[in-house]
Amino acid sequence: MTEPLLLTTVPVSTFCGDGFLSSASGFFFERDGRVFLVTSRHVLNDVPTGHRPNRVQIEYHNDPANLVQSTVLSVPLYRGDTALWAQGADRGGEVDVAVVELDRAALAPGAPLCSFTPDHLESALAEIEVGTSVLVVGFPLGFRDTLHHLPVARRAGIASAFGLRFQGQGYFLTDARTHRGISGAPVVMRRLNDTSGLPWALLGVHSARLDSGTRDEQLDESLGLNCAWYADILLTLTARPGA
């Protein structure tokens, strides 16, 4: 077996019918016996670009003793005109995070799913300092260990005051080298002295690179900054209806 952190994250491919549209990243989140796929909302629906897949496909491990084997699961996003996924909003507007509940009966029996849970969300936000080292785990440009079906981890740092929503939006900034295909990746921080099977705090969901409107493309490098939406939105998106 490999590190459980690498098993939390899966490649996400979007389709309209049989037509492939895009690649992204996602991860498992479990709550009250239900398991969800988490990714960026713009992976599932992006009005400005007209991106509107009707299903996604994920690839996950099906044998805890053999990482070479994997299973592909097709997940519908609509039943008729009704969306089967949920997105959220806060006082700053829409949040670029979405979840879709997975049918446990459709998952391979005994599959070694490693999921984040509400226990992995960080409540002591003020204790996370600017510059704190974090990881962004995903599939940049679709890149992965194709033999063992595993993601890669990019090292990043917290680049804005954590706990203060950057410019009033529901995200914080990270300083990291990122690429297309890593949207929807978990942003995690190692928990010291945590002896659990998954000793990581889930801080956010990577969304997109940021740039300055005043940057001269000939003279200035890109900022290298990214927005990651606070992961506590998952408590809202995964709550049972009426709870």
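Reading the values: rules and limits
Residues numbered from 1 in each chain as written. Predicted model: local features only at pLDDT ≥ 70, side-chain atom pairs only at ≥ 80, totals over all residues. Heavy atoms only, no water. Pairing = 2+ DSSP bridges. Helix = DSSP H or I, 4+ residues; strand = E, 2+ residues; numbered from the N terminus. Axes fitted to C-alpha atoms, helices over the stretch in contact; angles between N-to-C directions. Core = buried A, V, L, I, M, F, W, Y, C linked by side-chain atoms within 4.5 Å. Buried < 20%, exposed > 50% of the residue type's maximum accessible area, 1.4 Å probe, protein only. Contact = heavy atoms within 4.5 Å. Phe/Tyr/Trp six-rings, centres within 6.5 Å; stacked < 30°, edge-to-face > 60°. Lys NZ or Arg CZ within 6 Å of the ring centre and 35° of its normal.

## Description of the sheet that holds strand β2 (residues 19–31)
One open sheet accounts for 7 strands, arranged β5-β4-β1-β2-β3-β9-β8; its pairing is antiparallel. The sheet is open, and its two borders are formed by β5 (70–76) and β8 (85–90), each paired with just one other strand. Neighbour-to-neighbour, the strand axes of the sheet open up by a mean angle of 35°, direction not taken into account. Across 7 bridges, strand β4 (residues 55–61) lies against β5 in antiparallel orientation. From the neighbouring strand, Ile58 faces β5, where its bridge partner is Leu73.

## Some details on the nonpolar core
With 30 residues, the main nonpolar core has Leu5, Val38, Val97, Phe116, Val188, Leu202 and Leu234 as its most contacted residues. With near-sequence residues (within four places) excluded, Val188 lies in contact with Leu5, Phe116, Val134, Leu135, Val137, Trp200, Ala201 and Leu202. By size, the runner-up hydrophobic cluster in this structure holds 21 residues, among which are Val12, Leu44, Leu73 and Ala98.

## Comments concerning the packing of aromatic side chains
Counted by the stated rule, this structure contains 7 aromatic pairs. Taken together, a centroid distance of 5.6 Å and an interplanar angle of 90° make the contact between Phe27 and Phe116 edge-to-face. Placement of the pair is Phe27 in strand β2 and Phe116 in the loop between β9 (93–101) and β10 (133–138), with a sequence separation of 89 residues. An aromatic cluster is defined as three or more aromatic residues linked by ring pairs; in this entry it consists of Phe162, Phe172 and Tyr230. Positioned above the aromatic ring of Phe15, the side-chain terminus of Arg55 is 4.3 Å from the ring centre.

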